[in-house]
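Residue-level structural notes
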Amino acid sequence: MLSPPSLDAALQGVQTAYYLVHLMSGSSDFEEEDRQAATNFAAAAQRAAVRRIIYLGGLGDDGDPKLSPHLRSRHEVGEILRNSGVETIEFRAGMVVGARSLSFQLMKSLTDRLPVMICPRWLTTPTQPIAIQDVLAYLLAAKDLPPGESRIFEIGSPDVVTYSDLIREYARQRGLRRWLIFVPVLTPYLSGLWLALVTPATYEVGRHLIEGLKNPTVVRNSQALHTFPIRPVGAAEAIRLAIKESESSK
């Protein structure tokens, strides 16, 4: 994505392109590199006469002055793709619940390893997670939409929950007894170090994810339910499916 000449060859003859790129895990300045990657891709898509770009971004209120760099970057990438002139279908999702989803792996590792958790306030932030199977269904269905203007669809499960709710539900399904103790202050810096000690995530990735968790990620526009026949499963079922997939892949 950071090598424009390689994109011309990759997009030759392509009518619909899926943009699922995020450089947060491999860059010291992911905002700038995500911006450059999206700019390169948008220009290449225009040159190749791509008809539609389908992009998976993140939920969050554009008007929130405290929107995290992670979510702000996700929205900026969508804007860059739309400004290319190529029709862009942007899906905005919160936590994607799947066996290989980094957010789910973080939650799983924390809950599996810590009988008692010292929890920051962001665990009470409202969110609408979505099963990875439903995300894939939306991405595939977008390919067959009739041509039109660029659009943004917010997607999520029917359940508005908190991250502590998700931890408790995961623990319940795994038969684990877990205690969550909330403290008034636990900075993203300290939370990132904490995650790095007990989960597979690096400190930087964990810190950026946690900065995003402080922002509510709920669906405020139900247009996706009116446009697509997909009815996402609830949060508990999404966790059940992720646990089943995780255990079957061992």
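Everything discussed here concerns the structure shown above.
In short, a report on the structure. Every residue gets a number counted from 1 within its own chain, in the order that chain's sequence is written. In keeping with the model being predicted, local features are shown solely for residues with a pLDDT of at least 70 and side-chain atom pairs are shown and tallied solely at 80 or more, while totals for entire chains, interfaces and linings include all residues. The basis for every side-chain value is the complete set of heavy atoms in the structure, and neither hydrogens nor water enter the calculation.

**A closer look at the overall build of the protein chain**
Note the threshold: Helical segments are the DSSP runs of H or I of at least four residues, strand segments are the runs of E of at least two, and each set is numbered from the N terminus. Any two residues having at least one pair of non-hydrogen atoms within 4.5 Å are treated as being in contact. Surface accessibility in these figures is a Shrake-Rupley result with a 1.4 Å probe; residues are shielded only by whichever protein chains are displayed.
Within the protein chain one finds ten helices and ten strands. In the protein chain, the proportion of contacts linking residues at least 24 apart, taken out of those at least 6 apart, comes to 83%. Carbon and sulfur atoms make up 56% of the accessible area of the protein chain, which totals about 12,000 Å².

**So, a nonpolar patch on the surface**
Let me state the cut-off plainly: For patch detection, residues must exceed 30% relative accessible area and be free of salt bridges, and they are connected within 9 Å for like charges or within 5 Å for nonpolar side chains (Val, Leu, Ile, Met, Phe, Trp, Tyr). Definition used for salt bridges: Asp or Glu carboxyl oxygen within 4 Å of a side-chain nitrogen of Lys or Arg.
Together, Val116, Ile118, Trp179 and Ile181 line one region of the surface with nonpolar side chains, adding up to about 370 Å² of accessible area. Those elements giving two or more residues to the nonpolar patch turn out to be strand 5 (116-119) and strand 10 (179-182). Here Trp179 lies in strand 10.

**Focus: the side chain of Thr111**
With respect to the helices and strands, the residue Thr111 is situated in helix 4 (residues 102-113). Those residues in contact with Thr111 that sit more than four places away from it in its chain are Met117, Ile167, Tyr170, Ala171, Leu176 and Arg178.

**Side note on the side chain of Glu169**
To keep it simple, the criterion reads: To sort residues, take the accessible area from a 1.4 Å probe on protein chains only and compare it with the maximum for the residue type: under 20% means buried, over 50% means exposed, and anything in between is partly exposed.
Looking at where Glu169 falls in the secondary structure, it is placed in helix 6 (residues 163-174). A relative accessible area of 17% means that Glu169 is categorised as buried. Setting aside anything within four residues of it in sequence, one finds Glu169 in contact with Ala236 and Ile239.

**Here we look at the sheet that holds strand 1 (residues 16-19)**
In plain terms, the rule: At least two DSSP bridges between two strands are needed for those strands to be called paired. To get an axis, fit a line to the C-alpha atoms, keeping to the stretch in contact for a helix; angles then go from 0 to 180 degrees between the N-to-C directions.
Taken in spatial order, the four strands of this open sheet run 1-2-3-8, and their pairing is parallel. Each edge of the sheet is formed by a strand with only one pairing partner; in this case those strands are strand 1 and strand 8 (151-155). Across the sheet, the mean angle separating the axes of adjacent strands is 20° when strand polarity is ignored. Where strand 1 meets strand 2 (residues 52-58), four bridges bridge the pair, whose relative direction is parallel. Bridge pairing in strand 2 places Ala17 opposite Ile53. Running over the sheet, helix 2 (residues 30-47) touches strand 1 and strand 2 and is turned about 180° from strand 1. Together, strand 1, strand 2, strand 3 (87-93) and strand 8 form the strand contacts of helix 5 (residues 132-142), whose direction differs from that of strand 2 by roughly 155°.

**Focus on the packing of helix 6 against helix 10 (residues 235-248)**
How we decide: In these notes the angle categories are as follows: under 35 degrees is roughly parallel, over 145 is roughly antiparallel, 65 to 115 is roughly perpendicular, and the rest is oblique. The sense of a crossing depends on the near helix, which, turned anticlockwise from the far helix by less than a right angle, makes the crossing left-handed and, turned clockwise, makes it right-handed. Each residue is assigned to one class: nonpolar for Ala, Val, Leu, Ile, Met, Phe, Trp, Tyr, Cys and Pro, charged for Asp, Glu, Lys and Arg, and polar for all the others, Gly among them.
The contact between helix 6 and helix 10 brings their axes to 10 Å, and the two run at 55°. The orientation of helix 6 relative to helix 10 falls into the category oblique. In the crossing of helix 6 with helix 10, the sense of the turn from one axis to the other is right-handed. Along its contact with helix 6, which presents Leu166, Glu169, Tyr170, Gln173 and Arg174, the element helix 10 presents Ala235, Ala236, Ile239, Arg240, Ile243 and Glu247. In terms of residue class, the contact of helix 6 with helix 10 is made up of six nonpolar, one polar and four charged.

**Notes on the nonpolar core**
Applied cut-off: For this analysis, a nonpolar core means a set of buried residues of the types Ala, Val, Leu, Ile, Met, Phe, Trp, Tyr and Cys, connected via side-chain atoms within 4.5 Å.
One finds Met95, Val97, Phe104, Met107, Met117, Leu166 and Ile239 to be the most contacted residues of the largest nonpolar core, which totals 23 residues. Only helix 4, strand 5, helix 6 and helix 10 provide two or more residues apiece to this core. Residue contributions to this core peak at five residues, all from helix 10. For Ile239, the contacting residues outside a window of four places in its chain are Val97, Met107, Leu166, Glu169, Tyr170 and Gln173. Leu7, Ala17, Ala37 and Val50 belong to the second-largest nonpolar core, a separate cluster that totals 18 residues.

**Some thoughts on the environment of Pro216**
Take Pro216: it is sitting in the loop between helix 8 (203-213) and helix 9 (223-227). The sequence separation of Pro216 and Thr127 amounts to 89 residues, and the corresponding C-alpha distance is 5.8 Å. Ignoring sequence-local partners within four residues, the contact set of Pro216 consists of Gly60, Thr125 and Pro126.

**A closer look at the packing of helix 2 against helix 3 (residues 69-82)**
Interaxial distance between helix 2 and helix 3 falls to 9 Å at its minimum, and their mutual angle equals 15°. The angle between helix 2 and helix 3 falls in the class roughly parallel. Viewed along their axes, helix 2 and helix 3 form a crossing whose handedness is right-handed. Here Phe30, Glu31, Asp34, Arg35, Ala38, Thr39, Phe41 and Ala42 of helix 2 lie close against helix 3, whose contacting residues are Pro69, His70, Arg72, Ser73, Arg74, Glu76, Val77, Ile80 and Leu81. Of the residues in the contact of helix 2 with helix 3, the class split is eight nonpolar, three polar and six charged.

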